[in-house]
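Residue-level structure breakdown
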Amino acid sequence: MSCLKITKVDCILTQPGCRLVVVKVSTSEPGLFGLGCATFTQRHIAVKAAVDGHIGPFVIGKDPRNIEDIWQTAMVNGYWRNGPVLNNAISGVDMALWDIKGKLAGMPCYQLWGGKCRGGAAVYTHAGGASNQEALDDVRRCMAQGYHFIRCQIGGYPGLAGKQPRPDGAPPGDYFYPREKLYQIPELFEYLRGELPPDIELLHDVHERLAPIDAVYLAKALEPYRLFFLEDVLAPEDLEWFANIRQVCATPIAMGELFNHPREMTPLIANRLIDFIRVHVSQIGGITPALKLARFCEAFGVRTAWHGPGDVSPIGMAANVHLDISCINFGVQEWAGRNALEYEMFPGTPVVKYGYVYPNEKPGLGIDFNEALAAKYPCTDENPTWTVSRLPDGTLWRP
Ligand code: MG
C-alpha cells in the first residue's frame, strides 16, 4: 500500500432531520474509504460547492495518510483562509482521513489519540418549558431517562416576553425582550434548585441575546444556583467583557460554538476567562485542529464540551465521542438525540445509555452511511427564520 492515493471525493446532502453534509473520501485501495462531517446546515449548498469545486479536486491524488500536510495545505491553498464554508469543507475531508487512518490501523480513532481515559462520555440533554413548572416537569422527564446533566431553558432562546407591543412598520422576525432574562432565568434556577436533588447538574444557554453589561449581571445573579456552565452569555464580538464576568462571580462559562478558527479562542483560554470550549468541530476544520485545541485547553484547566445539536451529523457526533473518550480534559458532551431514520441511515451511530455516550469499537470512526437511503431524503432549501431575531422595537439582534 506504499502508493495509496485519494481517488474520489463525494459530497452528499441529505435531510433525515436537520440538513446534513457528508463527505466520502475514496482511495486507490479497493473498499477503503472514509466519512466526514461538513455540516453547515444553513449554508449547505455553499459547502457542497466548496467540496466539489475546490477542496475535493485539491486532495485527489494525495496520500490520505498525510493528514497534517493535507489539512495545512488545504487551509492555505486558497490564500484567504478561515471561514465557515471552507472550514466545513476541509473538515469533511479531515474527518474522513482520520476514519481511513483508523481503518488502516485496525483501531477505533480514539486509540490513535491515546486510548480511553474514561468508560463513557457524560452527556447533557435539553429541557425546557413555557413556565417554571413545565421546565421542572421536563427536567424530571430527562432524569427519568438517566440524564444527570440537563440544560434548561424557559421559552426557548427568545424567552417568554416576545409579545410586547411593536411599533408601526415593525418588520417580520423572531421577537424577544432580552432583559426579561435578568429576572426570569434566576427565578427559574432558584425554583429548580428548590425542587431537585442537589447533585443534578444544570446548564443554561443565553445564545448571545444580552447586552454585555446585562450578561455580567446575569452571570452574577446565577452564581447561587451552581450551574455546571452558562453558555454564550456574550457574543464573539464582545469577548473583552469576559474579564468583567470573572471579576464578579464564579459562574462557570462555556463559549465558542460560533468560532471559526481554533486560535480565536487562544486569549480566552490563555487568560483563563472561560471554563469550557463549545466548539463545533466541523466549523473549525475537523479533528486535526480539535485535537490541538483540546491539548492546548488542557494546559490551562479548560474543559471540552463539543457542540452537539442535531445539525452535527452522526459522523460528526462520532468524532466528538472519540475525542470525549480520549481527552483527559473532557467536560461534558451535548447530546440533542438522534432520530430512528438517522440510526438507519448512519449504521454505527453512537448510543446513549443512562446518561453516557459510547463510541462503537469498529476501526476508524465506526460509522457507515447508507447512500441509497440518504438519496430518498433530499435537502429542503428554505432559509431559516429563527436567525432573524428582533428586539421589541424591531431592531435586529444576534440569533
Ligand atoms: Mg449553544
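Conventions we followed
- Residues numbered from 1 in each chain as written.
- Predicted model: local features only at pLDDT ≥ 70, side-chain atom pairs only at ≥ 80, totals over all residues.
- Heavy atoms only, no water.
- Helix = DSSP H or I, 4+ residues; strand = E, 2+ residues; numbered from the N terminus.
- Rg over C-alpha atoms; globule rule 2.2 N^0.38 Å.
- Contact = heavy atoms within 4.5 Å.
- Areas by Shrake-Rupley, 256 points an atom, 1.4 Å probe, with all protein chains shown as cover.
- Phe/Tyr/Trp six-rings, centres within 6.5 Å; stacked < 30°, edge-to-face > 60°.
- Buried < 20%, exposed > 50% of the residue type's maximum accessible area, 1.4 Å probe, protein only.
- Expected span 1.5 Å × (residues − 1).
- Axes fitted to C-alpha atoms, helices over the stretch in contact; angles between N-to-C directions.
- Parallel < 35°, antiparallel > 145°, perpendicular 65-115°, else oblique.
- Nonpolar A, V, L, I, M, F, W, Y, C, P; charged D, E, K, R; others polar.
- Pairing = 2+ DSSP bridges.
- Right-handed = clockwise from strand over helix to strand, strands pointing away.
- Donors = N, O, S within 2.8 Å, 3.2 Å for Na, K, Ca; no water.
- Polar contact = N/O pair within 3.5 Å; in protein donor to acceptor, adjacent residues only side chain to side chain.
- Domains from an automatic or database assignment.
- Buried area = accessible area lost by both parts, 1.4 Å probe.
- Salt bridge = Lys/Arg side-chain N within 4 Å of Asp/Glu carboxyl O.

Turning our eyes to something else, we now look at the overall build of the protein. Looking only at helices and strands, one finds 13 helices and 16 strands in the protein. Taking 2.2 N^0.38 as the reference for a compact globule, 399 residues should give roughly 21 Å; the C-alpha atoms of the protein span a radius of gyration of 21 Å, in line with that estimate. Counting only C-alpha atoms, the protein reaches 65 × 50 × 40 Å along its principal axes. A separation of at least 24 residues holds for 71% of the contacts in the protein among residues at least 6 apart in sequence. Counting every atom, the protein has about 16,000 Å² of accessible surface; 55% of that belongs to carbon and sulfur.

According to the stated counting rule, one finds nine aromatic pairs in the structure shown. When the centroid spacing of 4.9 Å and the interplanar angle of 80° are considered together, the rings of Phe149 and Phe228 count as edge-to-face. With Phe149 in strand E5 (residues 149-154) and Phe228 in the loop between helix H7 (212-221) and strand E8 (229-231), this residue pair connects regions lying 79 residues apart in the sequence. Residue Phe149 is classed as buried on the basis of its relative accessible area of 13%. Accessibility expressed as a relative area gives 13% for Phe228, which makes it buried. On the numbers, 5.0 Å between centres and 20° between planes, the contact of Phe346 with Phe369 is stacked.

Taking 1.5 Å per residue as the helical rise, helix H3 (residues 84-105) with its 22 residues ought to reach 32 Å, and the 31 Å between its terminal C-alpha atoms agrees with that figure. Of the residues one or two after H3, Gly106 is the one with positive phi, at around 70°.

Another aspect to go through is the packing of helix H2 (residues 67-76) against H3. Between H2 and H3, the least distance of the axes is 10 Å, while the angle of their chain directions is 170°. Viewed along their axes, H2 and H3 adopt a mutual orientation that is roughly antiparallel. Together, Ile67, Ile70, Trp71, Ala74 and Met75 of H2 and Asn87, Ile90, Asp94, Leu97, Trp98 and Lys101 of H3 make up the contact between the two elements. Considering only residue class, the contact of H2 with H3 consists of eight nonpolar, one polar and two charged.

A word on the pairing of E5. Of all the six residues making up E5, six are buried; the element is thus mostly covered by neighbouring parts of the structure. Both faces of E5 are covered, namely the face carrying Phe149, Arg151 and Gln153 and the face carrying Ile150, Cys152 and Ile154. When strand E4 (residues 121-129) meets E5, the two strands line up parallel, connected through six bridges. Bridge pairing in E5 places Gly129 opposite Ile154. Handedness of the crossover joining E4 and E5 through helix H5 (residues 132-144): right-handed. For E5 and strand E7 (residues 201-205), the ladder comprises three bridges, and the chain directions are parallel. Counterpart to Phe149 in the pairing with E7 is Glu201.

For the rest of this paragraph, the subject is unusual backbone geometry. The phi torsion at Glu208 lies on the positive side, around 50°, for a residue other than glycine. You can see Glu208 is positioned in the loop between E7 and H7.

This brings us to the coordination of the magnesium ion. For the magnesium ion, the full set of protein donor atoms is Asp205 (OD), Glu231 (OE) and Glu257 (OE), and the range of their distances to it is 2.1 to 2.3 Å. Each donor residue of the magnesium ion belongs to the same chain, with the gaps between them written as D-x25-E-x25-E. On the criterion of sequence distance, the pair formed by Asp205 in strand E7 and Glu231 in strand E8 is long-range, its members being 26 residues apart. Residue class for Glu231 comes out buried when judged on its relative accessible area of 0%.

The next point concerns the side chain of Arg193. Relative to the helices and strands, Arg193 resides in helix H6 (residues 181-195). A distance of 3.3 Å separates a polar atom in the side chain of Arg193 from the backbone oxygen of Arg226. Every residue in contact with Arg193, bar those within four places of it in the chain, is listed here: Pro198, Ile200, Leu202, Tyr225 and Arg226.

Attention now moves to the domain arrangement of the protein. As far as domains go, the protein holds domain 1 (6-108) and domain 2 (111-364). A separation of 26 Å is found between the C-alpha centroids of domain 1 and domain 2. Taken residue by residue, the interface counts 35 residues in domain 1 and 37 residues in domain 2. In total, domain 1 and domain 2 occlude about 2,700 Å² of area from one another, counting both sides; carbon and sulfur atoms represent 66% of this. When residues of domain 1 are sorted by the area they lose upon contact with domain 2, Pro16, Trp98 and Pro108 head the list and together hold 25% of the total. Viewed at the interface, domain 2 and domain 1 are joined by one salt bridge. For Lys292, the salt bridge is made with Glu68, and the minimal N-O distance between the two is 2.6 Å.

What follows deals with the sheet that holds strand E15 (residues 389-390). If you walk across this open sheet you meet the three strands as E6-E15-E16, and the pairing is mixed. The open sheet has two edge strands with one neighbour each: strand E6 (174-175) and strand E16 (396-397).

So, about the sheet that holds strand E2 (residues 20-27). Spatial strand order, E1-E2-E3: three strands in an open sheet with antiparallel pairing. Looking along the sheet, the strands with just one partner apiece sit at the ends: strand E1 (6-14) and strand E3 (33-37). Adjacent strand axes in the sheet meet at a mean angle of 20°, parallel and antiparallel pairs treated alike. Against the sheet, helix H1 (residues 44-59) makes contact with E1 and E2, and its axis sits at roughly 175° relative to E1, the strand it touches most. Along the sheet, helix H11 (residues 314-326) contacts E2 and E3; its crossing angle with E3, the most-contacted strand, is approximately 90°.

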